[in-house]
Amino acid sequence: MNDTATATQPKGNGLVGLIPVGIALLLFGWFLSLAPAVAEGQSLRLVWDWVPSLGIAMSFLLDGLSLTFALLISGIGALVLLYSNTYLAGHPQFARFALFLTSFMLAMLGLVLADNLIGLFVFWELTTITSYLLIGFGHDTAKGRRSALQALFVTGAGALALLAGFILLGFSMGSFELSEILAQADALKAHEMYLPILILILAGTFTKSAQFPFHFWLPNAMAAPTPVSAFLHSATMVKAGVYLMARMHPGMAGTDVWFWTLTIAGAFTAVFASILALRQTDLKQALAYTTLMALGTLTLFLGQTSGYAMTAFATFLVVHSLYKASLFLVVGCIDHSTGTREADVLGGLGRVMPVTAFAAGLAALSMAGFPPFLGFIGKELKYAGILAIGSEPFLFAAALLLANALMFAIAGIVALRPFWQRTGIALPRKPHEAPWTMLAGPVILAILGALFGVYPDLLQTSLVDPTVKSLLGSIEDSKELKLWAGVNMPLIMSIATVALGITLYLAHKRLRPALGRLVDASPQFDKGWDKFLLGLKRFAAWQTRIIQPGILRRYIFATFATVLVAIGGTMIARQAMPTLPDLSDVTFQNIALVVLISAGAILTALTSSRIAAMAALGVVGIGVAMIFIVFSAPDVAITQLLVETLVVVLVAVALLRLPVLDENGRDHRPLDAILAGAIGLSVTLVLLAVLETPLDLRLTEYFEVTSWPEAFGRNIVNVILVDFRALDTFGEIAVVVIAALSAYALLRTTHPRKDP
Amino acid sequence: MEALLAITIGVLVATSVYLMLARNVLRFIFGLVLISNAANLIIFVSGRLTAGAPPLIPEGADGPVGDVANALPQALVLTAIVIGFGLFAFALVLMFRAYTTLGTLYSDDMRIAEPRTEDTT
């Protein structure tokens, strides 16, 4: 594990360790003080403008659902932070750890309190990032890095879908405020965008809450230090997806798509995960899979709309957080104390660690669903809720029964055997009882599970009823939490669960090889993930080879092809084809000039003789200069002649030292010729189209009338260059100087080449 | 006449694109010279053509007398020609330097920055 400190010398981490605990406690106290108001049915709203121009506000809403989550987050957060202060005592990077964990807690609180879709998304991503950092806290191992990256990719990809879903939702409903969107539930359900929105949002929640087939990242996330697993990957973060589904429930639930998607995904995940859980020998892995099972169950209930299902959801949410966080922390104590988490090695710890054993026992009894624990009430409600399902209740009830029985068996494996079985195998370390800071969390949480079981009213009025009200809109549908509801179907199913659970517990060692074969035969998502990443890398390499071959010609080709599509496509799309041009004013002299230029250009392009190309270039240049002369631009013509002469001279000088043009064979490129011809044609067409439009001469007229009165020049072109646009000319001179200096620098360092 | 020049410009652009796509960077430079010329002509023609009337102001007048050629595109083209020459000169020297250092004029073989190591194609 990551803890380097030996337990014999538990050092604190000073203020760094205690401040986060204080923050969490203060928040917990604050939320607790708001609980009575929320229980009376109020909901508190707080709004700050954030990006008003986009209609995005930092708005927060506290109702029953948010409050339940906020209390779980801050309460369990305080205990986990206190716990990790000892668990990671003396760890060189404890300060970093405390910062990550505290940031996560605050982000998570923001997530469950946000009332604005964009705000919610931002907090959602903050939990993704802090989770990544926490899973990768042991970044010196390859496994830690892989797990962290996998969690980031899976949940991050889901978050992108979620963002798209949110934006679609916001624009469809005309508001980014959740409370406003959910108020018009019927309009949302009837909206044509309902299905895309649902799919995108569920993609986000299913990845976050690790529903099948995105479940594989969660067990790997157990690479994180145990307090992190307890906090993020069982009690809080993975429930963010569940939270969001619950939050959207009033607005989106009730349709067939919602019902079938959530019910099937939830039920399948629950059964699938609990079967896998039985196979694990690592206590933490076993708990990780039962967390998947719990998330599946919660999703299953959110698929429904009955009062029983919602009460079951609200109750099981609290039950699970209490016992699961407690058990994770217990496993952390065992690991910390003995140095191992292997179920087959551990045994007989009950005498040495009585308090841990006590907490583990209470939590496990709640998990297994024994009366009088809250887990029992939760289980009864789950059965009542599942029997209220509209279609196929017995199929889903059977699935739930199997999952619960498996959970029963795992509760025994995790919480009983390490403490009471005799293995006779030597432990890596001599066990000892954990210090009180590490026991506080599991003991308090486990006792709460028992307390709420005996006094269910406490939970009913403070959390369950307000949560159900958030989900269904009224408090009447909330069902009563009670230990004894008479002999009914749920009780019979409970008895069946216990019987099946005991059988599975006793047989689990014999079942493991068979389960192993079953799992090996089924598709391996974790390995599939590796293959997917490998494929992605190969695809990236392949497309890089295609798009960036390092061959200059292909880049130029792509550039020109883009130009062609842009120009030609625009012309066709805008129907801007020019009319047939009028060539009546053409004189013989003009034709001669044009033929000269065209012939020179074509010769330059086709010849393989350097001298011919150079001469043809000169012909084009002189031809262009003559056009300038004919059409009243003497200054331009003079410059052109001068420049063309220099061009030819420079090329000639360079050619003295350069090889012939086609030393590697003939230059024959039909494809390039087609592209070149098409571009030339489109340029001609564009120019003809431009010439058909009227010419705006205001600037020219301004220069004509001001040239003499204001600048005292009679050559208007010269006046523009040296007076009106003198700064441009100065820039032009600078360009030429820079080119000359660069050329000089290049030539000066010329020396015989040394390396090939 | 503008229409005829538009066709000529099309020929110039086509030949210069063809040259710039060549393997030999010397041909690319030829293409560069031609495309500069084409661009200058485009600016010039866009301002419409006037034969035999340079934009000058005769002695004693405050402005040009009668219809004279459009002065604005001429000023722009003058600047463009000089800058185009600067670009050409630098490109020529760069190519020359590349040849003396790399021993080839073929851009496909200039692979100092991205050597053909994992290139399987």
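What you see is a predicted model, and the numbers here were worked out from it, not measured in a lab.

Colleague: How should I be thinking about the overall build of chain A in this particular structure?
Modeller: The helix and strand inventory of chain A stands at 30 helices and two strands. At 38 Å, chain A has a C-alpha radius of gyration far larger than the 27 Å of a compact globule built from 756 residues. Expressed as lengths along the three principal axes of its C-alpha atoms, the size of chain A is roughly 110 × 65 × 50 Å. Taking the intrachain contacts of chain A between residues at least 6 apart in sequence as the baseline, contacts between residues at least 24 apart amount to 78%. As displayed, chain A offers around 32300 Å² of accessible surface, 69% of which is attributable to carbon and sulfur atoms.

Colleague: How should the pairing of strand β1 (residues 44–51) of chain A be read in this particular structure?
Modeller: Looking along a regular strand, one sees the side chains alternate between the two faces of the sheet. In terms of strand pairing, β1(A) meets strand β2 (residues 56–62) of chain A through seven bridges, oriented antiparallel. When the bridges of β2(A) are listed, Val51(A) appears paired with Ile56(A).

Colleague: Explain the domain arrangement of chain A here, please?
Modeller: One frequent convention defines the size of an interface as the accessible area lost when the parts assemble. Structurally, chain A comprises domain 1 (1–252), domain 2 (286–544) and domain 3 (698–750). Each of domain 2 of chain A and domain 3 of chain A was reduced to a C-alpha centroid, and the two centroids are 81 Å apart.

Colleague: Help me out: how do you make sense of empty space enclosed by the protein in this one?
Modeller: For the structure shown, the criterion picks out four cavities of 30 Å³ or more. The calculated volume of the largest cavity comes to roughly 110 Å³. Lining the largest cavity are 13 residues, with Val643(A), Glu644(A), Ser36(B), Gly84(B) and Phe85(B) sitting closest to its centre. Among the elements of the structure, α26 (634–655) of chain A together with α2 (25–46) and α3 (71–102) of chain B are those that each provide at least two residues to the lining of the largest cavity. It is α3(B) that provides the largest number of residues to the lining of the largest cavity, a total of five residues. Here the lining of the largest cavity is composed, by residue class, of seven nonpolar, five polar and one charged. Space inside the second largest cavity adds up to approximately 50 Å³. Every residue lining the second largest cavity is listed: Phe316(A), Val319(A), Tyr323(A), Ser366(A), Met367(A), Gly375(A), Lys379(A), Lys382(A), Asn404(A) and Met407(A). Secondary-structure elements contributing two or more residues to the lining of the second largest cavity are α14 (307–338), α15 (354–368), α16 (374–387) and α17 (393–415) of chain A.

Colleague: What exactly am I supposed to notice about the pattern of salt bridges here?
Modeller: Opposite charge on two side chains permits them to pair, given that their charged atoms come into close proximity. Tallied over the entire structure, the rule returns 13 salt bridges over all chains. Via salt bridges that share partners, Arg45(A), Asp115(A) and Glu177(A) belong to a single interconnected network.

Colleague: Which parts of the structure should I look at to understand the interface of chain B and chain A?
Modeller: Residue-level contacts link 92 residues of chain B with 108 residues of chain A. For the pair chain B and chain A, the summed buried surface comes to about 8800 Å²; carbon and sulfur atoms form 72% of the total. Applying the counting criterion to the chain B and chain A interface returns two salt bridges. A salt bridge links Arg714(A) to Glu59(B); the nearest nitrogen and oxygen atoms lie 3.7 Å apart. Across the chain B-chain A interface, the total number found is 22 residue pairs in polar contact (both at pLDDT 80 or more). Among the elements of the structure, α1 (2–20), α2 and α3 of chain B are those that each provide at least two residues to the side of chain B that touches chain A. Residue contributions to the side of chain B that touches chain A peak at 25 residues, all from α3(B).

Colleague: How should the side chain of Glu732(A) be read in this particular structure?
Modeller: Here Glu732(A) is to be found in helix α30 (residues 726–748). Arg725(A) provides the closest opposite charge to the buried, unpaired Glu732(A), separated from it by 10 Å. Every residue in contact with Glu732(A), bar those within four places of it in the chain, is listed here: Thr79(B), Val82(B) and Ile83(B).

Colleague: Any chance you could explain the side chain of His320(A) here in plain terms?
Modeller: All names here are of chain A. Secondary-structure assignment places His320 in helix α14. Given a relative accessible area of 0%, His320 falls into the buried group. In this structure the side chain of His320 is engaged in a polar contact, spanning 2.9 Å, whose partner is the side chain of Lys239. Excluding anything up to four places from it in sequence, His320 contacts Ser234, Lys239, Thr291, Ala294 and Ala325.

Thresholds, definitions, all that
Residues numbered from 1 in each chain as written. Chains lettered and ligands numbered in written order. Predicted model: local features only at pLDDT ≥ 70, side-chain atom pairs only at ≥ 80, totals over all residues. Heavy atoms only, no water. Helix = DSSP H or I, 4+ residues; strand = E, 2+ residues; numbered from the N terminus. Rg over C-alpha atoms; globule rule 2.2 N^0.38 Å. Contact = heavy atoms within 4.5 Å. Areas by Shrake-Rupley, 256 points an atom, 1.4 Å probe, with all protein chains shown as cover. Pairing = 2+ DSSP bridges. Domains from an automatic or database assignment. 1 Å grid on protein atoms, 1.4 Å probe; cavity = no way out; pocket = protein on both sides within 12 Å on 5 of 7 lines; lining within 4 Å. Points joined across faces, edges and corners; volume = space filled by probe spheres on them. Nonpolar A, V, L, I, M, F, W, Y, C, P; charged D, E, K, R; others polar. Salt bridge = Lys/Arg side-chain N within 4 Å of Asp/Glu carboxyl O. Buried area = accessible area lost by both parts, 1.4 Å probe. Polar contact = N/O pair within 3.5 Å; in protein donor to acceptor, adjacent residues only side chain to side chain. Buried < 20%, exposed > 50% of the residue type's maximum accessible area, 1.4 Å probe, protein only. Lys, Arg positive; Asp, Glu negative; His and termini not counted.

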